[in-house]
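Summary of the model geometry
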Amino acid sequence: MRIRLLIAAAAPAIFLAAPAHAQTPAQVRPPVVAAPQQPAQDGQLPVIDVTDESAQDLTILIPAMPTAQVVSTPAGSTDALGRQISEVIAADLGNTGLFKPLGPTGVRAIPYGEVSAPDFAYWRGASAQALVQGFVRAGGDGTLTVGCYLYDIALGTESARQGFVVQPSEWRRAAHKCADTIYTRLTGEGPYFDSRVVYVSETGPKNRRIKRLAIMDQDGANHRFLTNGQSIVLTPHLSPDDRRIAYMSYQNDKPSLYVYDLSNGTQRLLVTNVSLAFAPRFSPDGRWVLFTMSTAGNADIYRIPATGGTPQRLTNSPGIDTGGSFSPDGSRIVFESDRSGTQQLYVMNADGSNQQRISFGGARYATPAWSPRGDLIAFTRIGGGFRIGVMSPSGGGEKLLTDSWGDEGPTWSPNGRVLMFFRGAQGPSGKADVWSVDLTGTNARRIPTPLDGSDPAWGPLRP
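Note that the structure is predicted; figures quoted are calculated from it, not measured.

The subject of this paragraph is the overall build of the protein. Along the protein, the regular secondary structure elements total three helices and 32 strands. Within the protein, buried positions represent 55% of all 463 residues. Pairs at least 24 residues apart make up 48% of the contacts formed inside the protein by residues separated by at least 6 positions. When the accessible surface of the protein is split by element, carbon and sulfur atoms take 49% of a total near 18,900 Å².

Given below as structure tokens:
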């Protein structure tokens, strides 16, 4: 489902039907988005440095979004949806660790006429820097229009605005996109809230785990299972268009690679007639799937067209080469190999040439993932436990972001500023949970899932 963006230059002007005594809120237009790391002018809302661990959280007030007329929809009444949308926006911003949002339960409700004419004199008494207001309106065609405004309280000015037309069932996406607008304006970074994560849902005792393919929003909402658990699934990965999932499955007791189509719920076998194939990952353009295949006890990295075909071998060294991940431009691949005697990280060209080791930190390194920004490679560091870290593509600047007993399998947010991974419990239970951490390493949190979870893979921004 695509969300229609309200853009003044490309769509008819949208005006709100306000009560006669209220000022009519302004036309919904695209937001004013700050350039990355643009210094703030005197008195204006700051552009927050997301890498500054000492930065003070910016307080944002987010009252419930009012509606001109309460209308019942399949997702609930428009007034209830207005409160829920504001709650999701507050949760998204709060989860970044950069903001101190006060949502609908902490601030007064606003009348419909105040959406585009805030009572700045009132809000200045709340010791906050920013104000988010908006509206929810039901259309005659069954859609919802959601407007989103960001205001500078001190100056009494509008900093950004955006509007979206969605089906009622997609109201959470409108909330995520509103939060993305605010995050982008206040940080200069790319958006990431309107995205999904595919992962392996687990249950049962350690020696008989049931592992199902599952998908959810990045905040754990809209969860659904994609497979029934009759066959174990591992290492899923979303395609760049958010429509397919490549994964390994033990169907018929034989490990093989499959591609799952999210539009119709069907799956197809990708690689056939091999003894063992695992760890698939799409190329940035979606044309290729990188994977590991083991023959005669030797594991190497291959690529195959995403539509199927003949695998092309990219590595050819004794030992185990696995865990390949493309650079954002598709020109290079990072992978792990034990050719030196221990698991280490290597980089090569996309055709397999120019293979070079990049990890020299005195430990073992596994599960590399290249950042969407191209500036970092995330990994699992093994030695005295399992920890998540990052380094440059040349191997420099290594930094560990977690300090737990069993953190594995990092995956990047679409903007390259947050990592998701899974954390195994110490002891015989075999339980694992999905977690996230930002690049400062100071904002780790558990992502709610109905059952245990492992092998998360963060998808792209949704279309």
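This next bit is on unusual backbone geometry. For Asn 222, which is not glycine, the phi dihedral falls at a positive 55°. Its location among the elements puts Asn 222 in the loop between strand E10 (210-217) and strand E11 (224-225). The exposure class of Asn 222 is partly exposed, given its relative accessible area of 46%.

Another point: the nonpolar core. Side chains of nonpolar character tend, in soluble globular proteins, to be buried together. Counting residues in hydrophobic clusters, the biggest one holds 45 residues, and the most contacted among them are Ile 60, Ile 89, Leu 93, Phe 99 and Ile 182. The element that contributes the greatest number of residues to this core is helix H3 (residues 171-187), accounting for eight residues. Discounting residues that sit within four places of it in the chain, Ile 60 has contacts with Leu 93, Phe 99, Lys 100, Pro 101, Leu 102, Ala 130, Val 132, Ile 182 and Leu 186. Counting residues in each nonpolar core, the second largest holds 16 residues, with Ala 277, Val 289, Met 293 and Ile 304 among its members.

Turning to the pattern of salt bridges, a few remarks are in order. Between side chains of opposite charge, a pair can form as their charged atoms come close. Enumeration according to the criterion identifies 24 salt bridges in this entry. The closest approach of N and O atoms between Asp 433 and Arg 446, which form a salt bridge, is 3.3 Å. Of this pair, Asp 433 sits in strand E30 (residues 432-438) while Arg 446 sits in strand E31 (residues 445-446), and the two are 13 residues apart along the sequence. Given a relative accessible area of 23%, Asp 433 falls into the partly exposed group. Judged by its relative accessible area of 37%, Arg 446 falls in the partly exposed class.

Joining two cysteines, a disulfide is a covalent bond between their sulfur atoms. All chains considered together, the criterion is met by one disulfide. Covalent S-S linkage joins Cys 148 and Cys 178, the inter-sulfur distance amounting to 1.9 Å. When the S-S torsion is 60°, as for the bridge of Cys 148 with Cys 178, the disulfide is right-handed. Here Cys 178 lies in helix H3 and Cys 148 lies in strand E7 (residues 144-152), a separation of 30 residues in the sequence.

In the contact formed by helix H1 (residues 78-95) and H3, the axes pass within 9 Å of each other and the chain directions differ by 45°. Classified by the interaxial angle, the pair formed by H1 and H3 is oblique. When you trace H1 past H3, the crossing you get is right-handed. Side by side, H1 and H3 meet where Leu 81, Gln 84, Ile 85, Val 88, Ile 89, Asp 92 and Leu 93 of the first sit next to Trp 171, Arg 172, Ala 175, His 176, Cys 178, Ala 179, Ile 182 and Tyr 183 of the second.

Time to look at the confidence of the model for the protein. On average, residues of the protein carry a pLDDT of 88, and 89% of them reach 70 or more. Under a pLDDT of 50 for its full length, residues 7-43 has, in the predicted model, 75 contacts with residues more than four places off or in other chains.

Counting through the fold element by element, Ser 454 comes out in strand E32 (residues 452-461). Among the residues examined, Ser 454 registers a relative accessible area of 3% and is labelled buried. Of note is the side chain of Ser 454, whose polar atom sits 2.4 Å from the side chain of Glu 202. Those residues within four positions of Ser 454 in sequence are excluded, and the remaining contacts are Tyr 199, Val 200, Glu 202, Phe 422 and Val 434.

With 18 residues, H1 extends 26 Å from end C-alpha to end C-alpha; this agrees with the ideal 26 Å at 1.5 Å per step. Every buried residue of H1 is accounted for by Thr 78, Leu 81, Gly 82, Ile 85, Ser 86, Val 88, Ile 89, Ala 90, Asp 92 and Leu 93. Just beyond H1, the residue with positive phi is Gly 97, at close to 75°.

We now examine the environment of Cys 178. Judged by its relative accessible area of 1%, Cys 178 falls in the buried class. When the C-alpha atoms of Cys 178 and Phe 193 are compared, they prove to be 9.1 Å apart, with 15 residues separating the residues in sequence.

Let's shift gears to the pairing of strand E22 (residues 344-349). Counted residue by residue, E22 has five buried out of six residues, so it is predominantly covered. Bridge count between strand E21 (residues 332-337) and E22: six bridges; the pairing is antiparallel. Bridging across to E22, Phe 335 finds its partner in Tyr 346. Taking the residues between adjacent antiparallel strands as the criterion, E21 and E22 are bridged by six residues, where Gly 341 takes a positive phi near 110°. Strand direction decides the pairing type here: E22 and strand E23 (residues 356-357), joined by two bridges, are antiparallel. Paired with Val 347 across the bridge in E23 is Gln 356. Hairpin connection from E22 to E23: six residues lie between these consecutive antiparallel strands, with Gly 352 at a positive phi of about 95°.

Reading the values: the criteria
Residue positions are counted from 1 within each chain, in the order its sequence is given. For this predicted model, a pLDDT threshold of at least 70 governs which residues receive local features, and a threshold of 80 or more governs which side-chain atom pairs are given and counted, while totals over whole chains, interfaces and linings are taken from all residues. Note: side-chain values were computed over all heavy atoms of the structure, leaving out hydrogens and water. Strands here are runs of E lasting at least two residues and helices are runs of H or I lasting at least four, both read from the DSSP assignment and numbered beginning at the N terminus. Classification of residues uses two cut-offs on accessible area relative to the type maximum, computed with a 1.4 Å probe and protein chains only: under 20% is buried, over 50% is exposed, and between them is partly exposed. We call two residues in contact when some of their heavy atoms are within 4.5 Å. What sets the accessible areas is the Shrake-Rupley method with a 1.4 Å probe; for residues, cover comes only from the shown protein chains. Each nonpolar core is a collection of buried residues, namely Ala, Val, Leu, Ile, Met, Phe, Trp, Tyr and Cys, held together in the definition by side-chain atoms within 4.5 Å. One speaks of a salt bridge when a side-chain nitrogen belonging to Lys or Arg is within 4 Å of a carboxyl oxygen belonging to Asp or Glu. Disulfides are defined as pairs of cysteine sulfur atoms found within 2.5 Å of each other. To define axes, lines are fitted to C-alpha atoms, for helices over the stretch in contact only, and angles between the resulting N-to-C directions are given on a 0 to 180 degree scale. Any angle that is under 35 degrees is reported as roughly parallel, and any over 145 degrees as roughly antiparallel; angles of 65 to 115 degrees are reported as roughly perpendicular and all others as oblique. Left-handed is the label given to a crossing in which the near helix is rotated counterclockwise from the far helix by less than a right angle, and right-handed is the label when the rotation is clockwise. Values of pLDDT, the confidence the predictor places in each residue, fall between 0 and 100. N or O atoms within 3.5 Å of each other form a polar contact, as long as, within protein, one can give a hydrogen and the other can take it, and as long as residues adjacent in sequence are counted only when both atoms are side-chain atoms. A helix is expected to span 1.5 Å multiplied by its residue count minus one. We call two strands paired when DSSP finds no fewer than two bridges between them.

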